[in-house]
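The lines below spell out each chain.
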Amino acid sequence: MTDNPGRSLQAGPEQLAYARILEKGMYFSLLTLIIIYVIYVSGLLSPYIPLHEIPKYWTMNVHDYLHDTHIRDGWAWLGMVRYSDFLNFIPIAMLAGVTILCFLSIVPILLKQNDRLYAGLALLEAVILGVAASGILGTGGH
Amino acid sequence: MPITKKVRDLLVPLSEYAVTSPESTLAEAVPTLKRLYCEIEDGKCTEAGHRSILVIDDAGNLVGIIDFKCILRVLIPEIAGGLSAKLEALGVSIAFAQADVPDLDQARMSFRARVIKNAETKIKDIMLRIRGTIHADADLMDALKLLYQNKITVIPVYDGDKVIGVLRESDLFLTVAEILIEA
Amino acid sequence: MTKLNKLCLAAGVCLLLLTLWAQPALAENAAAAPQAGDGYPWWVWPLLLLVVTFVMGIAAVLGGVGGGVLFVPIISGFFPFHLDFVRGCGLLVALSGALAAGPGLLKLNLASLRLAIPVALIASTFSIVGAMIGLALPTNVIQISLGATILGICALMLTAKKSEFPVVPQADKLSSALRIYGVYQEASTGQVIDWKIHRTPQGLLLFIVIGVMAGMFGLGAGWANVPVLNLLMGAPLKISVATSKFLLSITDTSAAWIYMNNGCVIPLMVVPSLIGIMLGSFVGVRLLKVAKPGLVRWIVIGMLGFAGIRALMKGLGI
């Protein structure tokens, strides 16, 4: 065993906290994803694009797809969750968002350890991911 | 010697039993148990001593018990752990296999490596909860029934709300022996 | 040849023949796209995705190749889906795999959060850049670069060495300032050794490139993360592999959001692929316990190379 007290074989508190939130968030999102997918595919709730019409859309590029289906990009899907295909985006967004939650939650733990540099870095990472998630960054399109 | 013995007459007093706190680590608690189990400090281990440790918190309350099984179980979380531990181990194995180094994944760690890795594991994370207690003035029959109904081998004995000792399966056995030899 | 090897070889050959035979049919469908109904009912596609990704999951584990790097080339090469949707789906697949492994790797202290955070800052920022570039460039340009990149990845996988415990004479200034170090435990003896890294600035610069590529092509970047962390920066192989997988969860999160916000995610495709790869990985690990397949890696890299050539040809219009 090393004599340096700062180096332990066990993970630090911020790492364990990240892992715990990640685990809960990930399993919950996956479970929700499967349930909503079954609702979608079984037709329990009606989708915006009928299931048998999807194959004609996925061969076109995304710009034409959005144009032909009159779907607006960005967070517009939130307004359409009454359709079962857009309902699927909720658990997908959760899967993509759990990392942001993890980074935000380790900031106070890092501050408590007086590690202001890493607390700042974790916060910065959460901000970067948040900016990507927010849809502020548009694209040039094709 | 009275014909009817009570639990109070057979118990092992708390002062003679191994005790640890929930915040201590395996590295601190296991040598204590080993010393009492082996009964002598150096030389050959007699293996005739106590096989479990009581976990008592700062307030003096009995919060759990540690025996050989729960110490060994912590070494193989991927087999003996709960669903969460098993899934974690699976995820790790997949990650290493996908990187073309399956032989480096945690499942292949040696016995020695696992023990060293768990040296800092806290007792409170692995202790078993108490599944049965008995009062010092209770009858031996009550103790015997508790032992078998709750499937335990060690019963903490209370006097009022304080733990004063433990009654073990072996103590009841010794009483059986005593009765048969006397008869 | 062991039984498992024979089975894998047979499966690989069958798959190859099947795809070559199905090529004209799939190509026609792709060309006749705008008409509804390819002759196949809609549910054939999710089912096919489930089966193919299941096999892919097994192949990824047995072949020592990341699931994320197999998805985009093979699905875009042999399915009629447009590359935009395949990339969006691929990122989510790679992301889920990394999220699933994350808790275990962090709790067991195999992945180093301190090492991951600075790297992730760079990689995730530039994967956003890569995703935006990837959605702005015309498809055939992406196809050509994807093809070339995949062939490069195949070459890298065949030649890159691994160093279980690299020699790092001294930690460099940056890693010391960030306090990126830790303890490493030998799996066989339990001996505890300190590890540290060097050449941190160079490593971080390379992660710019890795981030852009991950975002642009929707590939998992494990094949690049591990050599940079292990061979360039000198982290032990175990720490590199674990930290790399954990890093993917952050890098792919940012790129996935860009693709999602641009409408490139079709749920009908995403869920069967996710389930397929996860189930395949579970089965793959079980198989791995039974036999060590020597030939599978060559077959998998071969298929990947084949997919890369197809992407090149598609992009060049051949």
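Quick caveat, the model's predicted, so the values are computed rather than measured. (Residues numbered from 1 in each chain as written. Chains lettered and ligands numbered in written order. Predicted model: local features only at pLDDT ≥ 70, side-chain atom pairs only at ≥ 80, totals over all residues. Heavy atoms only, no water.)

## Topic: the sheet that holds strand β6 (residues 154-159) of chain B
Residue and element names in this part refer to chain B. An order of β1-β7-β6-β5 is seen for the 4 strands of this open sheet, with the pairing classed as mixed. Two strands in the sheet have a free side with no partner beyond their single neighbour: β1 (12-13) and β5 (134-135). Pairing of β5 with β6 involves 2 bridges; the strand directions are parallel. Residue pairing for β6: Ile134 is matched across the bridge by Val157. Sheet contacts for helix α8 (residues 140-149): β5, β6 and β7 (162-168); angle to β6, the most-contacted strand, approximately 135 degrees. Contacts from helix α9 (residues 169-182) reach β1 and β7, with the element oriented near 60 degrees to β7. (Pairing = 2+ DSSP bridges. Helix = DSSP H or I, 4+ residues; strand = E, 2+ residues; numbered from the N terminus. Contact = heavy atoms within 4.5 Å. Axes fitted to C-alpha atoms, helices over the stretch in contact; angles between N-to-C directions.)

## Description of the interface of chain A and chain C
Counting from both sides, the interface comprises 70 residues of chain A and, opposite them, 73 residues of chain C. Summing both partners gives a buried area of about 6200 Å² for chain A against chain C, and 72% of it is carried by carbon and sulfur. Sorting the residues of chain A by area buried against chain C places Arg7(A), Trp58(A) and Tyr118(A) first, and these three jointly supply 13% of that buried surface. Where chain A meets chain C, there are 3 salt bridges. Residue Lys107(C) pairs with Glu23(A) through a salt bridge whose shortest N-O separation is 2.9 Å. Examining the composition of the side of chain A that touches chain C, we find that 14 residues originate from one element, helix α1 (residues 13-42) of chain A, more than from any other. Taken together, the residues that form the side of chain A that touches chain C break down as 44 nonpolar, 18 polar and 8 charged. (Buried area = accessible area lost by both parts, 1.4 Å probe. Salt bridge = Lys/Arg side-chain N within 4 Å of Asp/Glu carboxyl O. Nonpolar A, V, L, I, M, F, W, Y, C, P; charged D, E, K, R; others polar.)

## Digging into the packing of aromatic side chains
Under the criterion given, the structure shown has 19 aromatic pairs over all chains. On the numbers, 6.1 Å between centres and 70 degrees between planes, the contact of Tyr57(A) with Tyr65(A) is edge-to-face. Across the pair, Tyr65(A) and Tyr57(A) agree in class, each one buried. These aromatic residues form a ring-pair network of at least three members: Tyr48(A), Trp75(A), Trp77(A), Tyr83(A), Phe86(A), Phe89(A) and Trp257(C). (Phe/Tyr/Trp six-rings, centres within 6.5 Å; stacked < 30°, edge-to-face > 60°. Buried < 20%, exposed > 50% of the residue type's maximum accessible area, 1.4 Å probe, protein only.)

## A short note on the interface of chain C and chain B
At the junction of the two partners, chain C supplies 34 residues and chain B supplies 24 residues. With both sides pooled, the region where chain C packs onto chain B buries about 2500 Å², and carbon together with sulfur makes up 65% of that total. Summed over the three residues of chain C that lose the most area to chain B, namely Leu108(C), Gln185(C) and Lys238(C), the buried surface amounts to 19% of that side. The interface formed by chain C and chain B contains 3 salt bridges. Its salt-bridge partner being Glu88(B), residue Lys107(C) comes within 2.7 Å of it at the nearest N-O pair. Applying the counting criterion to the chain C and chain B interface returns 12 residue pairs in polar contact (both at pLDDT 80 or more). Among the secondary structure elements, those contributing two or more residues to the side of chain C that touches chain B are α2 (44-63), α4 (83-107), α10 (237-261) and α11 (267-290) of chain C. A breakdown of the residues in the side of chain C that touches chain B according to their chemical character gives 16 nonpolar, 10 polar and 8 charged. (Polar contact = N/O pair within 3.5 Å; in protein donor to acceptor, adjacent residues only side chain to side chain.)

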